[in-house]
Amino acid sequence: GQNIDQPTEMTATEGAIVQINCTYQTSGFNGLFWYQQHAGEAPTFLSYNVLDGLEEKGRFSSFLSRSKGYSYLLLKELQMKDSASYLCAVRDLGNSGYSTLTFGKGTMLLVSP
Amino acid sequence: EPEVTQTPSHQVTQMGQEVILRCVPISNHLYFYWYRQILGQKVEFLVSFYNNEISEKSEIFDDQFSVERPDGSNFTLKIRSTKLEDSAMYFCASTEQETQYFGPGTRLLVL
């Protein structure tokens, strides 16, 4: 099976930087994704890492260390609209060789003025 | 920008009734998925579909569930006899290669 851990809640102030960590344990790792989910809405794709290192996309960056089973999502220049749940999801090769996506419980980020 | 669409946005049904949730994946995508999210809980994988057949399914996806691609555009999830615990948000997703793009979801309420 898979185990994905991320903090339940985080708070930060507008303009600041926040780092959301994710640790995982999986047997057939095939990539890690970060999604943003506002309440009552669908997850929206933020970033994808399959190799070790940092991927930067505007105000968002994501880091992966496969040997440590660790990733983080870095959000810079926080805005009020960044208040949302951030979902770490691991892609794993299933028994039939096709990929499945397993989500963590999400980290609720609250950005205050 | 192409999007995954889902209908209906909300569905209320009586326990024991059958429901069909509909999805139109992004047109050039080949892999399709259904997920559910019970209120306040994490997103859970149900089933993946490729080349007109199920490629993976989770323990949640029991005999009460089925999926179908009845034509070239729609992808449906059927729940044959709904239970109270089936109340959740159901998301369809599709992908061409790596990234899965999610539809807006159908909120199912079983009474």
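So, a few notes on the structure that sits alongside this text. (Residues numbered from 1 in each chain as written. Chains lettered and ligands numbered in written order. Predicted model: local features only at pLDDT ≥ 70, side-chain atom pairs only at ≥ 80, totals over all residues. Heavy atoms only, no water.)

We now examine the interface of chain B and chain A. When the parts of a complex come together, some accessible area is lost, and that lost area is often taken as the interface size. The interface of chain B with chain A comprises 22 residues on the first partner and 22 residues on the second. For the pair chain B and chain A, the summed buried area comes to about 1,600 Å², and 61% of that belongs to carbon and sulfur atoms. Summed over the shared surface of chain B and chain A, the result is 2 residue pairs in polar contact (both at pLDDT 80 or more). Broken down by secondary-structure element, the contributors of at least two residues to the side of chain B that touches chain A are strand S4 (31-37), strand S5 (44-50), strand S6 (53-57), strand S9 (88-95) and strand S10 (101-102) of chain B. Per element, the largest residue contribution to the side of chain B that touches chain A is 4 residues, and it comes from S4(B). Here the residues of the side of chain B that touches chain A are counted per class, giving 11 nonpolar, 7 polar and 4 charged. (Contact = heavy atoms within 4.5 Å. Buried area = accessible area lost by both parts, 1.4 Å probe. Polar contact = N/O pair within 3.5 Å; in protein donor to acceptor, adjacent residues only side chain to side chain. Helix = DSSP H or I, 4+ residues; strand = E, 2+ residues; numbered from the N terminus. Nonpolar A, V, L, I, M, F, W, Y, C, P; charged D, E, K, R; others polar.)

Across a sheet, paired strands are connected by hydrogen bonds in the backbone, their directions being either parallel or antiparallel. Residue and element names in this part refer to chain A. A sheet is described by the order of its strands in space; here 5 strands give the open sequence S1-S3-S8-S7-S6, paired in antiparallel fashion. For this open sheet the edge positions go to strand S1 (3-5) and strand S6 (53-57), each flanked by a neighbour on one side alone. On average, each strand axis in the sheet is inclined to that of its neighbour by 15 degrees, with strand direction left out of account. (Pairing = 2+ DSSP bridges. Axes fitted to C-alpha atoms, helices over the stretch in contact; angles between N-to-C directions.)

Across all of its chains, the model carries 22 aromatic pairs over all chains by this definition. On the numbers, 6.4 Å between centres and 65 degrees between planes, the contact of A:Phe33 with A:Phe45 is edge-to-face. Of the two residues, A:Phe33 is situated in strand S4 (residues 29-37) and A:Phe45 in strand S5 (residues 44-49); the sequence distance between them amounts to 12 residues. Through a chain of ring-to-ring contacts, three or more aromatic side chains come together here, namely A:Phe33, A:Tyr35, A:Phe45, A:Tyr48, A:Phe103, B:Tyr33, B:Tyr35, B:Phe45, B:Phe91, B:Tyr101 and B:Phe102. (Phe/Tyr/Trp six-rings, centres within 6.5 Å; stacked < 30°, edge-to-face > 60°.)

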